[in-house]
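Remarks on the overall topology
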Amino acid sequence: MRNPFKKAKSAVALSGLVAFGWLISGGVFPATKRSPQAILVLGGAPSREKFAAKFALQHPDLPIWVSSGSPEEYSNYLFSEAGISPKRIHLDYRAVDTVTNFTTLVDDLQKRQITDVYVITADYHMPRAQVIGSIVLGSRGIRMYPVSIPSTAKGEEPLKVVRDGLRSVFWLATGSSLR
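As a starting point, this report considers the structure included with it.

Thresholds, definitions, all that
- The numbering scheme is per chain: residues are counted from 1 as the chain's sequence reads.
- For this predicted model, a pLDDT threshold of at least 70 governs which residues receive local features, and a threshold of 80 or more governs which side-chain atom pairs are given and counted, while totals over whole chains, interfaces and linings are taken from all residues.
- Heavy atoms throughout the structure, all of them, feed into the side-chain values; hydrogens and water do not.
- Note on classification: 1.4 Å probe, protein chains only; a residue is buried when its accessible area is under 20% of the maximum for its type, exposed when over 50%, partly exposed between these limits.
- A helix here means a DSSP run of H or I that spans at least four residues, while a strand means a run of E at least two residues long, and both kinds are numbered starting from the N terminus.
- This arc is taken over the directions from the axis of the helix to the C-beta atoms.
- The term salt bridge refers to a side-chain nitrogen of Lys or Arg lying within 4 Å of a carboxyl oxygen of Asp or Glu.
- Two rings from Phe, Tyr or Trp (for Trp, the six-membered ring) form a pair when their centres sit within 6.5 Å of each other. Planes less than 30 degrees apart are called stacked, planes more than 60 degrees apart edge-to-face, and all others tilted.
- Only the contacting stretch of a helix is used when fitting its axis, a line to C-alpha atoms as for every element, and angles between N-to-C directions run 0 to 180 degrees.
- Orientation is classified from the angle alone, with under 35 degrees giving roughly parallel, over 145 giving roughly antiparallel, 65 to 115 giving roughly perpendicular, and any other angle giving oblique.
- When the near helix sits turned anticlockwise from the far one by under a right angle, the crossing is termed left-handed; a clockwise turn instead gives a right-handed crossing.
- Should any heavy atoms of two residues lie within 4.5 Å, those residues are counted as being in contact.
- Gly counts as polar in this scheme, as do all residues outside two lists: the nonpolar Ala, Val, Leu, Ile, Met, Phe, Trp, Tyr, Cys and Pro, and the charged Asp, Glu, Lys and Arg.
- Here a helix's expected span is defined as the number of its residues, less one, multiplied by 1.5 Å.
- Here the nonpolar core consists of buried residues drawn from Ala, Val, Leu, Ile, Met, Phe, Trp, Tyr and Cys, with membership extended through side-chain atoms lying within 4.5 Å.

This brings us to helix 3 (residues 72-81). Residues of helix 3 that are buried: Ser75, Leu78 and Phe79. Around the axis of helix 3, the buried residues are gathered within 90 degrees of arc, so they sit on the same side. Opposite the packed face of helix 3, turned more than 90 degrees from it, sit the exposed residues Glu73 and Glu81. One or two positions beyond helix 3, positive phi appears at Gly83, with a value near 85 degrees.

Right, here's the structure in full:
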């Protein structure tokens, strides 16, 4: 027999994580108008890097961080073909999933005094990225500005969002993200 409260529990947990992320990021920061200082591309599909190259042309002064994206040669080719200087590109291959997309780069961003960042990923992936990013980036005072790429994929399961939100909170408490 199916549990009729399973979705309700997931929704409550998801709401709690979103509220926690809001509190850490936007909720405790003054409502000042700031502009992003970098672009962060969450790897997972070459279409994200293709989109980021076009997006970067509209923001010519921003460095571009790609977290575990396409192989280095292909990424460099995509950005080069778009006319993006290699000096702007930071390819990082430490991440193995969405949580580590954020946890492996947050200290690098903070060391460079980046306080605001565009985050590029697919639309179906953005809700989970927003929860994780709000918690991880928000813990270092970095605001996230989501930029979604349209796709035909259906949204992710709420349980996946809750799981990775909890992993992000665990990372905050311990410095380690459970896999």
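A word on the pattern of salt bridges. All chains considered together, the criterion is met by nine salt bridges. With a shortest N-O distance of 2.7 Å, Asp92 and Arg94 are connected by a salt bridge. Its relative accessible area of 44% is what places Arg94 among the partly exposed residues. The shortest N-O distance in the salt bridge between Arg128 and Asp164 comes to 2.6 Å. Here the residue Arg128 occupies a position in helix 6 (residues 126-136), and Asp164 occupies one in helix 7 (residues 158-174), the gap between them amounting to 36 residues. Residue class for Arg128 comes out buried when judged on its relative accessible area of 6%.

Moving on to the packing of aromatic side chains. Tallied over the entire structure, the rule returns four aromatic pairs. Seen from their ring centres, Phe55 and Tyr118 are 4.9 Å apart, and the 85 degrees between their planes marks the pair as edge-to-face. Residue Phe55 is found in helix 2 (residues 46-57), and its partner Tyr118 is found in strand 4 (residues 116-122); the two are separated by 63 residues along the sequence. A relative accessible area of 10% places Phe55 in the buried class. The buried category is assigned to Tyr118, whose relative accessible area is 17%.

A word on the packing of helix 6 against helix 7. One can describe the packing of helix 6 onto helix 7 by two numbers: an axis separation of 9 Å at closest approach and a directional angle of 15 degrees. Judged by the angle between their axes, helix 6 and helix 7 are roughly parallel. Our pair here, helix 6 against helix 7, has a crossing hand that is right-handed. In contact with Pro127, Arg128, Val131, Ile132, Ile135 and Val136 of helix 6, helix 7 contributes Lys160, Val161, Arg163, Asp164, Gly165, Ser168, Val169, Trp171 and Leu172. Classifying every residue of the contact of helix 6 with helix 7 by side-chain character gives nine nonpolar, two polar and four charged.

Let's shift gears to helix 2. Within an α-helix, residues lying three or four positions from one another point in the same direction, as the helix has 3.6 residues per turn. Taking 1.5 Å as the rise per residue, helix 2 with twelve residues should run 16 Å; its terminal C-alpha atoms sit 17 Å apart, in good agreement. Along helix 2, the residues classified as buried are Arg48, Glu49, Ala52, Ala53, Phe55 and Ala56. Viewed end-on, helix 2 has its buried residues packed into an arc of 165 degrees, placing them on one side of the element.

Glancing now at the nonpolar core. The biggest cluster of nonpolar side chains holds 20 residues, and the ones touching the most others in it are Leu40, Trp65, Phe102, Val117, Val119, Leu137 and Met144. Broken down by secondary-structure element, the contributors of at least two residues to this core are strand 1 (38-42), helix 4 (98-103), helix 5 (106-111), strand 4 and helix 6. With four residues, the top contributor of residues to this core is helix 6. If we skip the residues at most four places from it in the chain, Val119 touches Leu40, Leu42, Phe102, Met126, Leu137, Met144, Tyr145, Pro146 and Val147. Counting residues in each nonpolar core, the second largest holds 16 residues, with Ala52, Ile64, Ile84 and Ile89 among its members.

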